[in-house]
Structures are given as structure tokens and as C-alpha cells.
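Observations on chain architecture
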Amino acid sequence: MKLPLLADALVSLIATGCLGVYQVTKRVIDPYLSFKREGRGFRRRQQQPPKTFVFFGKTLAVWRVVNFTSYVLNVLCVSIPGRIDDQMAKEMKEAQEEEKKKNKEDADADVDDEKKNDAFATKKNTIRRTSKYRSLFTPAGYAFAIWGFIFTSEFVFAVRSMFFTNTKDEQFAANATGYFALANVLQSVWCFTFREWTEKPRRHWINAFVLGVEALALWSSKERVFEVNGRFALAESGFVSVPIRTHFAWILCACGINANTVLAKIGSASAQVVFAIGTAVLATSVGAYSSFYRGDAATPLVFAWALYAIYKDGGYRAPPPSDSTSSSSGDKKDKKNKDGDEKKNTEKLFNKTEECIPSEKQTKRFTDTARLCAIANLLFAAKALLSL
């Protein structure tokens, strides 16, 4: 069997496996680990006492080990280099260096401000406008700093669950663990798929799909926490709810980023604009629901952060450089066959025609929508905070 066919089959297998594991978690793992409301009290769903492990002389419930182990697995998988976002970070760094060099040359040549402010110029903390990883929904680079808060807060959550007993948020943590562990496993799977072997559009969708199922798992986890007493109390469940809600909101944004990247490779300019606006509106709708029906400020706040970063990025794309801007004619002749193959591969990964790249007017329409959605989510977060 050819390697491309094997890769296509693996993508389908991963997608099916993600859905299957979610169903197993819903029907078996979550009921086994979590508490449920029984009148005024709580008790395990199973009749038998939960299984335990002996860990450094301490007897621990299964959910504690599952919670901590899944977090460690996620951290280990995320730390493995070679993902596409590593290449994006490299491109961003190169783009910044090129921009500094260009600004210096412009200053020396006394270039007009109008040319300096070209909409399609590469802005600070963004990947190149010609990058194959770019779409309308690409945020400015600083947006990804939120991972620092997510991993730190979840580290506190996992450590408290593993090593601290009889805490006031123990029931919340137990309820969250089944789906939280699933989300960690799915993010580990995404670390495997978000690599060069899935760059082609017919495989790249798997990254958005895995993140979508992960977002569903995190949504289910935060809902299980909410079910403990039917409300959100920061003092009771803050160490559990805030990390999970923040993680959920960012993963949903990441799913949107991946999905828009796929469409940027295969869709028309108008389709890209409609889909990007739809993604922003969907996030805002989830933010509104979280604020008004769950008293959740973390989710809309993360949406505001991401959408404003998308607005600041500007969303502009540009065609890859033409062949005329490459090396000298002698070098072209020597590399003709090699460059021809690379050109074919690039065309499969990126729409080079002007018709497939949103115009400046279309792009501005989307970025204005993203800014409005960011403001709306900020208001939703404020409303939730005031109601605590």
C-alpha cells in the first residue's frame, strides 16, 4: 500500500477512534468516576466502593490517578517538537527579522508613510502574509501566550486532585475528571496529527476534528462540575472550573483556526469570509450562553482575547512570491526540475490564485466583525463577574 493511502486511512481511523472514545467516556468512564446528585447528598454511581491505588504509602481513589496521569501525558506529548505550530513560530520569527530589516532599509531610503502602512505588509507578531498556514482567522502571535495560564492552572488542578484529600472542591474535581482526562488524551492525539504528514487539505481537516471533539469533552467536563450544585461558585470550584473553562474556550478557538486554515486552501474568497464570520458569531453565541446561563466569565473572556488578537492581526493574506522574484536565471535553469516539483506541492497546499484570496474590503468586513464580537464577549464576561 502506498504511503499516501496509508496516511488517509490513518486519518479516518483517528476520527472514528475519537468519536468512539468519547462515547466510552460518556457511558462508562464518567459514570464510574463521578458523583451524581441523590436527593441532598452524593454517592458513587456504582454500588461497590471505588478501586484504589497505593501511591507512596497513600491510598488514592481511581479518579485522582486518572486525573493526574492524563495531565502528565498531555504535557509530555505537547513537549515533543516538530508540530506545524513550531514551523509557524519559526516563520513568525523570520518575518519579524525581515520586517526589522525592511524598516531599516525604508528609513534609510526615506520611504513614504503610505507605502510603509501597506495593508498587506507583515505586522509584528504575525506569520508571513504569504504563509500556507495563514487564513482570515489567524490571530496575532501574542494570543498563544494563554497556554501559559492554561497549563499552570491545570497543573494546580491536577496536583490538588492527586495529593490533597478532603478539599472543598473534591466532588467538583471528581465529576470533571472523566471528560478532563479524555480532553488530555485527545490533545495528545492532536500533537501527533498536527504535523507535516497532514498538511494536505484532504488530511488537514483531522486537526480541526480532533480539537472539536476535545472541545466537546471539555464542555462536558465543565457541565459535570456545574451539575454538582446547579450553580458556579468561585470559592467552591474555582480551582476546577476556571482551568477547564479557559481550556475549553481556547480549544474551541483553536478548532476554528484549524478549520479556517483548511478552507483557506480549498475555498473561494467569499466562502472564507462567510465561514470566518460564522466562526466568530458561533464563539460569541457560546460566550453569551456561558455568561447568562452558567455565570461563566472565563469562557467569554477567552473568546474576547482570541477575537481581538484576530482583529489585531488584520487577517490579510497575499499570494506567494512569483517566480520572477527568485534567484538568477542561471540558478533557475540548474534547479528547474526540483523547483517544478516543489511548485506542484505548494499549489496543492495553498491557493495561489488571486480569486481565492479575500480582498482588502472583504478582509476588513471580517476583522470589523471580529472586533465587535470581541467587545460583545468582553461585556458578557463583565456581566458574569458582576453576578458572582
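Scope of this entry: the structure provided in the associated data block. (Residues numbered from 1 in each chain as written. Predicted model: local features only at pLDDT ≥ 70, side-chain atom pairs only at ≥ 80, totals over all residues. Heavy atoms only, no water.)

1. Concerning the overall build of the chain
Looking only at helices and strands, the chain has 13 helices and four strands in total. The proportion of buried residues among the 388 residues of the chain is 48%. At a minimum sequence separation of 6, the contacts of the chain that also span at least 24 residues come to 81%. Of the roughly 19,900 Å² of accessible surface on the chain, a fraction of 61% belongs to carbon and sulfur atoms. (Helix = DSSP H or I, 4+ residues; strand = E, 2+ residues; numbered from the N terminus. Buried < 20%, exposed > 50% of the residue type's maximum accessible area, 1.4 Å probe, protein only. Contact = heavy atoms within 4.5 Å. Areas by Shrake-Rupley, 256 points an atom, 1.4 Å probe, with all protein chains shown as cover.)

2. A look at the packing of aromatic side chains
Under the defined criterion, the tally for this structure stands at 16 aromatic pairs. Ring centres of tyrosine 22 and tyrosine 179 lie 5.7 Å apart, and the angle between their planes is 40°; this geometry places the pair in the tilted category. Remark: tyrosine 179 occurs in helix H6 (residues 170-193) and tyrosine 22 occurs in helix H1 (residues 3-33); sequence separation between them is 157 residues. Exposure class is identical for tyrosine 22 and tyrosine 179. Each is buried. A centroid spacing of 5.3 Å and a plane angle of 25° characterise the contact between tyrosine 289 and tyrosine 293, whose relative ring orientation is stacked. Separated by four residues within a single helix, tyrosine 289 and tyrosine 293 lie in helix H9 (residues 269-294), roughly one turn from each other. On the accessibility criterion, tyrosine 293 (57% relative accessible area) is exposed. One aromatic cluster is present, built from ring pairs that chain together Trp219, Phe248, Tyr289 and Tyr293. Against the face of phenylalanine 239 rests arginine 160, its NZ or CZ located 4.3 Å from the ring centre. The residue whose ring lies beneath lysine 222 is tryptophan 219, and the NZ or CZ to ring-centre distance is 4.0 Å. (Phe/Tyr/Trp six-rings, centres within 6.5 Å; stacked < 30°, edge-to-face > 60°. Lys NZ or Arg CZ within 6 Å of the ring centre and 35° of its normal.)

3. Topic: H1
Its axis deflected by about 45° at threonine 25, H1 carries its strongest bend there. Residues of H1 that are buried include every one of Ala7, Val11, Ile14, Ala15, Cys18, Tyr22, Thr25, Asp30, Pro31 and Leu33, and no others. (Bend = angle between axes of the 7 residues up to and from the residue.)

4. A closer look at the nonpolar core
Judged by nonpolar contacts, the single largest core of 57 residues is most densely connected at Phe157, Val210, Val240, Ile244 and Trp250. Residue contributions to this core peak at 11 residues, all from H6. In contact with isoleucine 244, not counting residues within four places along its chain, are Phe157, Ala176, Phe180, Leu218, Ser221 and Lys222. Formed by 12 residues, the second largest nonpolar core is a distinct cluster that contains Val273, Ala280, Leu307 and Phe366. (Core = buried A, V, L, I, M, F, W, Y, C linked by side-chain atoms within 4.5 Å.)

5. Points about a nonpolar patch on the surface
Where nonpolar side chains cluster on the molecular surface, the patch consists of Leu10, Leu13 and Phe192 and spans about 280 Å² of accessible area. Among the secondary structure elements, leucine 13 is positioned in helix H1. (Patch = residues over 30% accessible without salt bridge, like charges linked within 9 Å, V, L, I, M, F, W, Y side chains within 5 Å. Salt bridge = Lys/Arg side-chain N within 4 Å of Asp/Glu carboxyl O.)

6. Concerning the packing of helix H5 (residues 146-163) against H6
The N-to-C vectors of H5 and H6 enclose an angle of 130°; their axes lie 12 Å apart at closest approach. For the element pair H5 / H6, the angle class is oblique. The handedness of the crossing between H5 and H6 is left-handed. Along the contact surface, H5 presents Trp147, Phe151, Glu154, Phe157 and Ser161, while H6 presents Ala173, Ala176, Phe180, Asn184 and Gln187. Grouping the constituent residues of the contact of H5 with H6 by class yields six nonpolar, three polar and one charged. (Axes fitted to C-alpha atoms, helices over the stretch in contact; angles between N-to-C directions. Parallel < 35°, antiparallel > 145°, perpendicular 65-115°, else oblique. Left-handed = near helix turned anticlockwise from the far one by under 90°. Nonpolar A, V, L, I, M, F, W, Y, C, P; charged D, E, K, R; others polar.)

7. Quick word on the pattern of salt bridges
By the definition in use, this model includes 13 salt bridges. Between arginine 83 and aspartate 85 there is a salt bridge, and its shortest N-O distance comes to 3.0 Å. Judged by its relative accessible area of 9%, arginine 83 falls in the buried class. A salt bridge links lysine 364 to aspartate 368; the nearest nitrogen and oxygen atoms lie 3.0 Å apart. Separated by four residues within a single helix, lysine 364 and aspartate 368 lie in helix H13 (residues 360-386), roughly one turn from each other.

8. Overview of the side chain of threonine 279
With respect to the helices, strands and loops of the structure, threonine 279 is situated in helix H9. Of the residues examined, threonine 279 reaches a relative accessible area of 14% and is grouped as buried. At a separation of 3.3 Å, a polar atom in the side chain of threonine 279 contacts the side chain of asparagine 260. When neighbours within four sequence positions are excluded, threonine 279 is seen to be in contact with Phe137, Gly256 and Asn260. (Polar contact = N/O pair within 3.5 Å; in protein donor to acceptor, adjacent residues only side chain to side chain.)

9. A word on the packing of helix H2 (residues 62-78) against H6
The contact between H2 and H6 brings their axes to 8 Å, and the two run at 25°. By the angle class used here, H2 and H6 are roughly parallel. Classified by chirality, the crossing of H6 by H2 is left-handed. Every residue of H6 that contacts H2 at Trp63, Arg64, Val66, Asn67, Ser70, Tyr71, Leu73, Asn74, Cys77 and Val78 is listed here: Glu170, Ala173, Ala174, Thr177, Phe180, Ala181, Asn184, Val185, Gln187, Ser188 and Cys191. The residue inventory of the contact of H2 with H6, partitioned by class, reads 12 nonpolar, seven polar and two charged.

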